[in-house]
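# Observations on chain architecture
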Amino acid sequence: MSILAVELHPQAQNVKCTDVALVVELVDGRTISVPLVWFPRLSNASKEQLSNWELLGDGEGIHWPDLDEDLSVSGLLDGTH
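This text gives an overview of the structure that appears in the document. (Residues numbered from 1 in each chain as written. Predicted model: local features only at pLDDT ≥ 70, side-chain atom pairs only at ≥ 80, totals over all residues. Heavy atoms only, no water.)

### Considering the side chain of His63
- Tracing the backbone shows His63 in strand E5 (residues 61-64).
- Looking at His63, the relative accessible area reads 14%, which means it is buried.
- In this structure the side chain of His63 is engaged in a polar contact, spanning 3.4 Å, whose partner is the backbone oxygen of Glu69.
- A distance of 2.3 Å separates a polar atom in the side chain of His63 from a polar atom in the side chain of Asp70. (Helix = DSSP H or I, 4+ residues; strand = E, 2+ residues; numbered from the N terminus. Buried < 20%, exposed > 50% of the residue type's maximum accessible area, 1.4 Å probe, protein only. Polar contact = N/O pair within 3.5 Å; in protein donor to acceptor, adjacent residues only side chain to side chain.)

### Some remarks on the pairing of strand E6 (residues 69-72)
- Here E6 shows a clear split, with Glu69 and Leu71 buried on one side and none of Asp70 and Ser72 buried on the other.
- Pairing between E5 and E6: 4 bridges, direction antiparallel. Residue pairing in the sheet places His63 in a bridge with Asp70 of E6.
- Hairpin connection from E5 to E6: 4 residues lie between these consecutive antiparallel strands, with Asp68 at a positive phi of about 55 degrees. (Pairing = 2+ DSSP bridges.)

### Quick look at the sheet that holds strand E2 (residues 21-26)
- Ordered by their spatial adjacency, 3 strands build an open sheet running E1-E2-E3, and the pairing between neighbours is antiparallel. Two strands lie at the open edges of the sheet, namely strand E1 (12-17) and strand E3 (31-35), each paired on one side alone. Each strand of the sheet is rotated relative to its neighbour by a mean of 15 degrees, with strand direction disregarded.
- Across 5 bridges, the pairing between E1 and E2 is antiparallel. (Axes fitted to C-alpha atoms, helices over the stretch in contact; angles between N-to-C directions.)

Spelled out as structure tokens, the structure:
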């Protein structure tokens, strides 16, 4: 029997924002989708501001410099908002 290893430090590789969701693609192949309204700064931002993001560390976090907003990937997986 084989056992799947649990990813202790999930890492993002791509981020997209739709009109209603924040969608984060992880390096292990998973995709996280959370409601954009969980994050007021993001839900009130323009498309240009939302598209200007950068990964923090090795993809453990996401930063929007125009909005001064930072989110952790593990927090998104935990459902933290």
